[in-house]
Each structure stands twice: as structure tokens, then as C-alpha cells.
Amino acid sequence: MTQSINTVEECDTSCPGTTADLDAIKAELIDDHAAVQFADWFKAFSDPTRVKIISALLKRELCVHDLTVLLEMGQSAISHQLRYLRNLRIVKRRKVGKTVYYSLDDAHIEQIFLQTLQHTNHG
């Protein structure tokens with residue numbers, strides 16, 4: 001039987017704080033709206049299916065059918081995830097006739113994804 005130990009990270013009651021200029025730091029903090037957008041953006045990477053979609057799109061632009069074959073999932077499930085990613089501007093689409101092609105929205109997505117993957121594999 002394992003025992004769960006909860007440790008709380010707190011300063012000692014006698015801690016006077018640092019010598020940092022907290023007012024200056026507070027003035028430069030990310031605002032509430034941007035913090036929510038930032039958190040929502042990272043939520044997109046919390047789903048393994050979306051991570052696999054992004055991983056596939058790192059290689060090349062793909063149509064929805066290609067992604068259904070690669071991920072062995074139904075088209076409606078893939079389309080749902082793509083819509084979620086598109087709303088966050090992580091992927092973009094291009095329509096040719098009845099075929100919809102998806103690619104990463106910009107190079108920042110690739111850089112963030114690859115750096116996160118590198119960090120994950122670092123351990």
C-alpha cells in the first residue's frame with residue numbers, strides 16, 4: 001500500500017519575499033484575455049488525436065481522407081478535431097472542388113510542436 005504525500009510549496013512564515021520590484025513585474029504580466037487564449041491554445045495539444053494530426057501535418061499538407069486513413073478514425077471525428085484546430089488558428093484549410101486540404105497555419109506551430117516534442121523526449 002502506497003501512501004500519498006501532499007507537499008505544499010509555500011514560503012516559511014518568516015519569509016520577507018525577494019527584492020524584486022513586484023509592481024514592475026505586475027505591470028508587464030500577461031493580461032487576462034491573452035492568458036485565457038494562451039491556455040486554450042495549449043489545451044489543443046492536450047488531446048492525443050490532435051497531436052497526431054499536427055504530427056502528420058508537419059510532414060505535408062493532407063486531405064481529410066488521408067488523415068482518416070493515417071489515424072484509423074472516422075471522417076466525422078477527424079473533421080471535428082480539424083475544426084477545433086482551425087478555430088484556434090493551428091491549422092488552415094484549402095478547398096479544391098470537394099476535397100479539403102489541411103496544413104499547419106504557420107511556422108510557429110511547427111517550431112512550438114517540435115520544441116515540445118524535443119523536451120518530451122529529453123527526459
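Thresholds applied
Residues numbered from 1 in each chain as written. Predicted model: local features only at pLDDT ≥ 70, side-chain atom pairs only at ≥ 80, totals over all residues. Heavy atoms only, no water. Helix = DSSP H or I, 4+ residues; strand = E, 2+ residues; numbered from the N terminus. Buried < 20%, exposed > 50% of the residue type's maximum accessible area, 1.4 Å probe, protein only. Contact = heavy atoms within 4.5 Å. Phe/Tyr/Trp six-rings, centres within 6.5 Å; stacked < 30°, edge-to-face > 60°. Lys NZ or Arg CZ within 6 Å of the ring centre and 35° of its normal. Pairing = 2+ DSSP bridges. Axes fitted to C-alpha atoms, helices over the stretch in contact; angles between N-to-C directions.

> Requested: an account of the environment of Leu 82, with residues and values cited.
Its location among the elements puts Leu 82 in helix 5 (residues 75-87). For Leu 82, a relative accessible area of 0% corresponds to the buried category. In sequence terms Leu 82 and Leu 62 are 20 residues apart; their C-alpha atoms lie 12 Å from each other. The contacts of Leu 82, once residues within four sequence positions are left out, are Ile 53, Val 64, Leu 67, Val 91 and Tyr 102.

> So what's going on with the packing of aromatic side chains? Which residues, and what values?
Going through the model one piece at a time under the given rule, you end up with five aromatic pairs. Members of the aromatic cluster, each reached through a chain of ring pairs, are Phe 38, Trp 41, Phe 42, Phe 45 and Phe 113. Stacked on the ring of Tyr 84, the Lys or Arg Arg 50 has its end atom at 4.0 Å from the ring centre.

> Provide a residue-level description of the sheet that holds strand 2 (residues 91-96), including the pertinent values.
Taken in spatial order, the three strands line up as 1-3-2 in an open sheet, and their pairing is antiparallel. Each edge of the open sheet is held by one strand with a lone partner, namely strand 1 (62-63) and strand 2. Bridge analysis of strand 1 against strand 3 (residues 99-104) gives two bridges, and the strand direction is antiparallel. For Cys 63, the partnering residue across the bridge sits in strand 3 and is Tyr 101. Where helix 3 (residues 48-59) meets the sheet, its contacts fall on strand 1, strand 2 and strand 3, and the angle it forms with strand 3 comes to roughly 90°. Contacting strand 2 and strand 3, helix 5 runs over the sheet at an angle of about 115° to strand 2.

Nothing here speaks to function; it is all geometry.
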